[in-house]
Amino acid sequence: MQAVILAGESGGRPASGGDPIRPERVDICGEPLLGRQLRLLARGGVAHVVLLAGPGDDHIVDLVGDGARWGLHAVALRHPAGQGATDALIASLDALEARFFVFFGDMLFDLDLRAMWAAHRRAAPAATVVVRPTDQPQTSELVELDLDGQVRAFHPRPHSQGLEIANLARQRLCLVEKSALAALPSLQATPVAGGDFLHALLASGARLLGYRSAEYIQDAATPEQVRTLRRDVANGRVERMSRRTPSAAVFMDRDGVLNVERSYISAPEQLVLIPGAGEAVRRLNASDYRSVVVTNQSVLARGECDEEGLARIHARLDRLLGRRGAFVDRLYYCPHHPDPGLPGGRSDLTLACDCRKPAPGLVLRARDELNLDLARSWMIGDSTSDIALAQRLGMTSILVRTGHAGADGKCRVQPDFILDDLAEAVNFILRNAS
Ligand SMILES: [Zn+2]
């Protein structure tokens, strides 16, 4: 696998005027940032690196050298001053393989690159861009995806009023097909794209895939971000957030736990957060727990709402959480209902499935996609089916007194703990973890 690093001036920063301190060289716990990244790349299967840098970036080029000390082969290509990242990339196509990762030198990530490569190969888009839920939607470029995970639109900030999409922030890491870039008309001829090659690809009609990652990604462009990075490296968070390391999750039911229970929410405005729920999820986000929503949404099988409608409802959930600085790593839903005789029901969804809770399908999917350790994970629900699911999979269960408060009578179960609401449940979990 090959990776292209947009560094120094090629990364969009002006010439340093002889100042050798660039984010790439900032010391992160005894190792320069870019060196640390190169080591992670080599570990992840990248064999070749092309460093794109400007004329004033000698110190970065010297740092990378031939790549041997990091366990890979590196070459540096220098570009004229003032040339933007995209132009530098297009000018370098001759040195590039058929497909390659592209990222910036002032960031650190620890992604399972082989998994991303495999997802890209399966979907065969022009490019795959990493996205992740964000607790800062207002300061992020948001990526609007369709139901298949393909990019519908990029929404750079500032966002238009009333933008009603999920809080998925674009990350500065992508995987690109060389042939797609080569086919782009000159970027000077497409000023609408703002010089951004992903925007230009999308504007040209190319297919782009959004790749959701919950792994470690941190920019290091500001002193505050560098401090965060140092802390995360020092306390092992980078390693713990990687997909190599199994993590613990807090699984949450949706209706009656995160949002106020009402029979079958079929429109976004019907979704209202339970007081304190957003702040509770935010506390989870600051911990090492993954936050995962698992919810039965037979509203689809009943024909009261379609997949696009449900996506709009979940986009609203995202936005309400985002306003409180919170996000969920993943949300999984079961669209099915076992009753084939539902009036107005959809025949493709009325069936016995393996994902309608208390069946384990949704949690097992989350386990495989996020590499979760279920024995260390928790389930917070208001229904006996949530508790039954937790017991079946060896997770610790908390029944909350909101929503159905366990009075649904579906399963005969005894929860491990009974607490008032999500806020109290999260506090309890975090106290137990420390
Ligand atoms: Zn199902």
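Residues numbered from 1 in each chain as written. Predicted model: local features only at pLDDT ≥ 70, side-chain atom pairs only at ≥ 80, totals over all residues. Heavy atoms only, no water.

Q: Before we move on, could you go through the coordination of the zinc ion and cite the residues and values that matter?
A: Within the first shell, the zinc ion binds the protein through C334 (SG), H336 (ND1), C353 (SG) and C355 (SG), at distances of 2.1 to 2.3 Å. The coordination sphere of the zinc ion comprises four donor atoms, whose angles at the metal cover 101 to 116°; the geometry is tetrahedral. We classify C353 as partly exposed; its relative accessible area is 24%. (Donors = N, O, S within 2.8 Å, 3.2 Å for Na, K, Ca; no water. Tetrahedral: all angles 85-135°; square planar, octahedral: opposite > 155°, others 65-115°. Buried < 20%, exposed > 50% of the residue type's maximum accessible area, 1.4 Å probe, protein only.)

Q: Summarise the layout of surface pockets; cite the residues concerned and give the values.
A: Taken as a whole, the second largest pocket spans an internal volume of roughly 1,500 Å³. The set of elements that each furnish at least two residues to the lining of the second largest pocket consists of α4 (113-123), β7 (142-145), β10 (208-212), α10 (307-323), β14 (330-334) and α11 (361-370). With nine residues, the top contributor of residues to the lining of the second largest pocket is α10. Tallied by class, the residues present in the lining of the second largest pocket amount to 22 nonpolar, six polar and 18 charged. Taken domain by domain, the makeup of the lining of the second largest pocket includes at least three residues from each of domain 1 (2-233) and domain 2 (246-433). (1 Å grid on protein atoms, 1.4 Å probe; cavity = no way out; pocket = protein on both sides within 12 Å on 5 of 7 lines; lining within 4 Å. Points joined across faces, edges and corners; volume = space filled by probe spheres on them. Helix = DSSP H or I, 4+ residues; strand = E, 2+ residues; numbered from the N terminus. Nonpolar A, V, L, I, M, F, W, Y, C, P; charged D, E, K, R; others polar. Domains from an automatic or database assignment.)

Q: So what's going on with empty space enclosed by the protein? Which residues, and what values?
A: Taken as a whole and judged by the stated rule, the model has one cavity of 30 Å³ or more. By volume, the largest cavity amounts to about 30 Å³. In terms of lining residues, the largest cavity is bounded by E164, P268, R312, A315 and R319. Class assignment of the residues belonging to the lining of the largest cavity gives a composition of two nonpolar, no polar and three charged.

Q: Would you mind going over the domain arrangement of the chain in detail, with residue names and values included?
A: A common way to state how big an interface is: give the accessible area lost once the parts meet. Splitting the chain by domain gives domain 1 (2-233) and domain 2 (246-433). Centre-to-centre, using C-alpha coordinates, domain 1 lies 34 Å away from domain 2. At the interface, 14 residues of domain 1 touch 15 residues of domain 2. Overall, the association of domain 1 and domain 2 removes approximately 1,200 Å² of surface from exposure, summing both partners, and the carbon and sulfur fraction of that is 51%. When the area that domain 1 buries against domain 2 is broken down by residue, the three leading residues are D135, L147 and A214, summing to 38%. If you look at where domain 1 meets domain 2, you find one salt bridge. Between R152 and E308 there is a salt bridge, with its nearest N and O atoms 2.9 Å apart. (Contact = heavy atoms within 4.5 Å. Buried area = accessible area lost by both parts, 1.4 Å probe. Salt bridge = Lys/Arg side-chain N within 4 Å of Asp/Glu carboxyl O.)

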